[in-house]
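Spelled out, the chains give:
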Amino acid sequence: MAYPNSVWFIICTEFCERFSYYGLRTVLVLYLTSILQYDEDESTIIYHMAVFMAYFSPIFGAILSDSFLGKFKTIVYLSLIYALGNFVITGSSLAISLSLNNQRYLALLGLVLIAIGTGGIKPCVSSFGGDQFDLPAQEVYLQKFFSIFYFSINAGSLISTSVTPELRKGIQCFGRTSCFPLAFGVPAMLMLIAIIIFICGKRLYKIKKPESNVIVTSFSCIYHALKRRLSYVSSDTEKMHWLNYADDKFSEKEISDIRSALDVIYLFIPFPFFWALFDQQGSRWTLQATLMNGKIDFLNWTMKPDQMQVMNPLLVLLFIPLFETIVYPLLAKIGIKKPLQKISLGGFLAALAFVLSAVVQNKIIGGSIQIPAGEGQLRVFNGIDCNITINSTNLPVYKLNSLETLEIRYAPASNEISFPIVFIADSTCSTNLSTLNLTSNVSIVEGKTMSYFLTRIKDKLELKRIGYIDDLTKPKNGNSILRILNSDDLSNNILILKEKENNNTAIEINVKSSIKNTVPIGEYKAFLDNEFLLDLNFLPASVNILILQRNSDHIDSNLIVLEKGNFIHIAWQLPQIIAMTAGEIMFSITTLEFAFTQAPASMKSLLAAVNLLTVAFGNLIVVIVSEVRFFENQAYEYFLFAGLMVLDMLLFILMSYTYKYKNLNDPVPITYNDQNKKN
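The sections below set out a description of the structure shown in this document.

Parameters at a glance
Residues numbered from 1 in each chain as written. Predicted model: local features only at pLDDT ≥ 70, side-chain atom pairs only at ≥ 80, totals over all residues. Heavy atoms only, no water. Helix = DSSP H or I, 4+ residues; strand = E, 2+ residues; numbered from the N terminus. Buried < 20%, exposed > 50% of the residue type's maximum accessible area, 1.4 Å probe, protein only. Contact = heavy atoms within 4.5 Å. Pairing = 2+ DSSP bridges. Disulfide = S-S within 2.5 Å. Phe/Tyr/Trp six-rings, centres within 6.5 Å; stacked < 30°, edge-to-face > 60°. Lys NZ or Arg CZ within 6 Å of the ring centre and 35° of its normal. Axes fitted to C-alpha atoms, helices over the stretch in contact; angles between N-to-C directions. Parallel < 35°, antiparallel > 145°, perpendicular 65-115°, else oblique. Left-handed = near helix turned anticlockwise from the far one by under 90°. Nonpolar A, V, L, I, M, F, W, Y, C, P; charged D, E, K, R; others polar. Patch = residues over 30% accessible without salt bridge, like charges linked within 9 Å, V, L, I, M, F, W, Y side chains within 5 Å. Areas by Shrake-Rupley, 256 points an atom, 1.4 Å probe, with all protein chains shown as cover. Salt bridge = Lys/Arg side-chain N within 4 Å of Asp/Glu carboxyl O. 1 Å grid on protein atoms, 1.4 Å probe; cavity = no way out; pocket = protein on both sides within 12 Å on 5 of 7 lines; lining within 4 Å. Points joined across faces, edges and corners; volume = space filled by probe spheres on them.

1. Points about the overall build of the protein
Here comes step 1: Along the protein, the regular secondary structure elements total 18 helices and 18 strands.
Here comes step 2: In terms of its C-alpha atoms, the protein occupies a principal-axis envelope of roughly 115 × 55 × 50 Å.
Here comes step 3: Here the protein holds 679 residues, and 53% of them are scored as buried.
Here comes step 4: In the protein, once contacts between residues fewer than 6 apart in sequence are set aside, the share between residues at least 24 apart is 74%.

As structure tokens, then:
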């Protein structure tokens with residue numbers, strides 16, 4: 001028998017749909033942070049709630065398909081909703097005339113429509129493709145179809161994760177350095193093309209009418225069994241298994257199949273935690289990549305942060321044959337050959353990936369500046385255009401250059417000590433300053449940094465205490481810290497930072513001493529009252545002090561970097577991506593194999609829907625952790641996920657220890673009560 005031509009329409013449809021879906025996911029978190037101006041935690045919550053909905057809605061898509069509309073109509077109708085959602089979110093990125101809140105509402109509406117659409121068709125497309133084959137005559141062709149189908153999914157993901165970041169960053173539109181309308185618009189058009197391709201194949205399809213839905217039947221049986229079991233609590237009637245209480249309404253085979261399915265679903269309980277880690281590749285890991293240097297010198301090209309996601313589908317395609325031919329045979333030699341063993345090892349690899357991501361995050365963020373026990377620090381910022389000599393009976397003589405800072409470590413006799421310091425203007429300064437000096441008391445506190453700003457009010461020196469600015473805790477998102485020290489006559493001015501790549505993108509900062517601001521990393525031009533001051537380059541997790549001082553008829557400025565930060569290469573993410581992809585191969589694919597082989601024939605769609613639900617609940621875990629905000633340092637959150645993943649897999653090992661693999665070709669065992677009923 002010939003290979004059915006109808007399946008090629010389905011494969012092409014799936015390729016376009018996967019391109020659309022993964023293209024959207026690739027750039028979504030950066031759209032939420034950069035254009036819609038959500039903070040990192042809010043963006044992570046929205047991203048994972050969208051994924052949660054996309055993997056929760058398949059169960060409703062399966063019910064709609066099997067009980068009411070059939071697979072063909074369900075795919076068409078929900079694909080239209082999916083495409084509409086794509087165009088709505090594209091419209092939100094185009095609607096620059098709308099207020100920020102309205103843009104946000106429009107984007108969230110688009111995400112809801114996309115989640116309903118993509119989730120609803122997930123359980124339908126592959127099974128609709130399987131319907132096109134005559135079994136068992138075309139069983140060989142069916143296996144080939146699923147291989148090509150899986151390849152089309154990864155090919156669509158691979159290409160979209162490569163292309164959409166280039167569309168986002170490689171092209172400028174609407175006065176921005178990025179073009180999200182194009183990055184969203186191309187996937188939207190691909191989804192529209194997917195619908196057209198799918199409908200064009202209608203005359204070739206075998207379209208089956210909807211039948212009774214096994215999911216509805218299963219829930220009905222469970223509900224009925226529990227209801228009858230509770231009603232028999234006080235009676236002498238007892239059955240071998242609580243599901244057997246539904247034997248008055250459901251057949252022996254239906255009950256046995258549901259029991260087998262529940263045995264597998266029980267082992268699914270720990271699975272959401274794996275997906276909680278895995279799906280952070282598109283959120284937390286992408287945000288981590290924004291703090292890294294993507295420059296590839298020999299190609300004269302810069303990898304975009306969201307393009308690192310391309311490594312996952314690429315490695316999947318490379319790892320599948322590698323694992324089948326080399327890794328699994330080697331594991332079998334040391335006794336790891338059963339599906340549940342492979343799943344456990346995959347979970348541990350995911351934990352390892354998050355340990356590696358925490359190491360990278362720590363390398364980017366670094367630690368806060370620590371002061372040794374028994375010491376205090378005195379920091380003096382010179383805000384005038386004149387070199388200063390510092391004298392004190394408690395300290396050596398120091399020279400402090402114009403617009404620079406001086407850090408002095410001192411061991412106070414008690415927790416706090418105060419003593420006078422004399423500030424003398426250099427003889428080379430202008431006439432009105434050269435004869436000036438100032439005597440002022442300063443304090444040094446053990447374990448603290450006491451900071452002072454030397455400024456000028458008319459022709460007098462003044463030392464302003466600016467408090468403890470030793471709070472150098474890095475922002476969770478890795479942005480730079482910027483404090484501004486200025487003379488009083490500038491306190492009402494606005495500092496404007498304009499991106500060098502795009503002068504239309506500007507950050508406005510109130511010029512007020514010692515207020516801690518966070519600034520996205522990058523290169524900027526600084527302006528005050530439309531007067532250009534200086535060029536600024538903020539590295540990830542750097543700590544910066546900008547000194548502004550009006551001297552005579554001009555403004556002097558200087559950026560003092562207290563901690564430079566680390567701008568490490570994006571290739572540092574490769575080990576964690578490799579570990580996670582290896583974990584995915586062992587966990588995800590083996591889970592599909594385990595669920596398929598252990599589920600009764602009538603329960604395979606139920607197990608597929610429940611397996612997708614574990615992905616949904618995994619993303620819900622990320623939402624909860626992000627909302628609670630346990631840690632300021634993102635690295636600690638990565639360590640938390642890694643530790644919980646290890647505990648999760650240990651629990652899974654205990655749960656699976658007594659599991660007996662089923663041969664579903666064996667006859668259904670008959671219990672004592674079933675035998676009595678039969679007689």
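2. What to know about the pairing of strand 12 (residues 494-499)
Along a regular strand, successive side chains alternate from one face of the sheet to the other.
Here comes step 1: Bridging between strand 12 and strand 13 (residues 506-510) involves five bridges; their strand directions are antiparallel. The residue of strand 13 that forms the bridge with Leu497 is Ile507.

3. What about the state of the cysteines?
Here comes step 1: Enumeration over the complete set of coordinates arrives at one disulfide.
Here comes step 2: Across a sulfur-sulfur distance of 2.2 Å, Cys173 and Cys179 are joined as a disulfide pair. Here the disulfide of Cys173 and Cys179 is right-handed, its torsion about the S-S bond being about 110°.
Here comes step 3: For Cys179, a relative accessible area of 5% puts it in the buried group.

4. A word on the packing of aromatic side chains
Here comes step 1: Counting across every chain of the model gives 32 aromatic pairs.
Here comes step 2: Their ring planes at 55° and their centres at 6.2 Å tell us that Phe273 and Phe641 sit as a pair that is tilted. With Phe273 in helix 10 (residues 271-278) and Phe641 in helix 17 (residues 634-656), the pair connects residues that are 368 residues apart, well separated along the chain. When sorted by exposure, Phe273 lands in the same class as Phe641, which is buried.
Here comes step 3: Ring centres of Trp285 and Phe354 lie 5.5 Å apart, and the angle between their planes is 35°; this geometry places the pair in the tilted category. Placement of Trp285 in helix 11 (residues 284-289) and of Phe354 in helix 13 (residues 339-365) is noted, with a sequence separation of 69 residues between them. The residues Trp285 and Phe354 share a single accessibility class, namely buried.
Here comes step 4: A cation over a ring is seen here: Lys122 above Tyr21, with NZ or CZ 4.6 Å from the ring centre.
Here comes step 5: Here the basic side chain of Lys342 rests over the ring of Tyr328, its NZ or CZ set 4.0 Å away from the ring centre.

5. What to know about the packing of helix 3 (residues 58-69) against helix 5 (residues 100-130)
Here comes step 1: Contact pair helix 3 / helix 5: the axes reach a minimum separation of 7 Å and the direction vectors enclose 55°. One finds that helix 3 runs oblique with respect to helix 5. Crossing of helix 3 over helix 5 shows right-handed handedness. Across the interface between the two elements, Pro58, Gly61, Ala62 and Ser65 of helix 3 pack against Gly119, Gly120, Lys122, Pro123 and Cys124 of helix 5.
Here comes step 2: Of the residues in the contact of helix 3 with helix 5, the class split is four nonpolar, four polar and one charged.

6. Overview of unusual backbone geometry
Here comes step 1: A positive phi angle, near 60°, is found at Gln37, a position not held by glycine.
Here comes step 2: Looking at where Gln37 falls in the secondary structure, it is placed in the loop between helix 1 (6-34) and helix 2 (40-56).
Here comes step 3: Taking the relative accessible area as the measure of exposure, Gln37 reaches 53% and is therefore exposed.
Here comes step 4: A positive phi is found at Asn300, a non-glycine position, where the angle reads about 50°.
Here comes step 5: In this fold, Asn300 is placed in the loop between strand 1 (295-296) and strand 2 (301-302).

7. Quick notes on the sheet that holds strand 4 (residues 388-391)
Here comes step 1: Spatially, 5-4-7-8 is the arrangement adopted by the four strands of the open sheet, whose pairing is antiparallel. Looking at the sheet topology across the chains shown, the edges are occupied by strand 5 (398-400) and strand 8 (437-445). The sheet shows a mean angle of 30° between the axes of neighbouring strands, taken without regard to direction.
Here comes step 2: Summarising the sheet, strand 4 and strand 7 (residues 416-425) pair through four bridges and their orientation is antiparallel. Each residue of the ladder has a partner; that of Asn391, found in strand 7, is Val422.

8. With respect to a nonpolar patch on the surface
Here comes step 1: A surface patch of nonpolar side chains, about 420 Å² in accessible area, is lined by Leu352, Val355, Val359, Tyr636 and Phe639.
Here comes step 2: Elements supplying a minimum of two residues to the nonpolar patch: helix 13 and helix 17.
Here comes step 3: Broken down by element, the residue count for the nonpolar patch peaks at three residues, all from helix 13.
Here comes step 4: Relative to the helices and strands, Leu352 resides in helix 13.
Here comes step 5: For Leu352, a relative accessible area of 40% corresponds to the partly exposed category.

9. Notes on the layout of surface pockets
Here comes step 1: Taken as a whole, the second largest pocket holds about 2,000 Å³ of empty space.
Here comes step 2: As for the second largest pocket, its lining consists of 46 residues, and the residues nearest its centre are Ser34, Glu499, Pro520, Ile521 and Tyr524.
Here comes step 3: Partitioning the lining of the second largest pocket into residue classes produces 19 nonpolar, 17 polar and ten charged.

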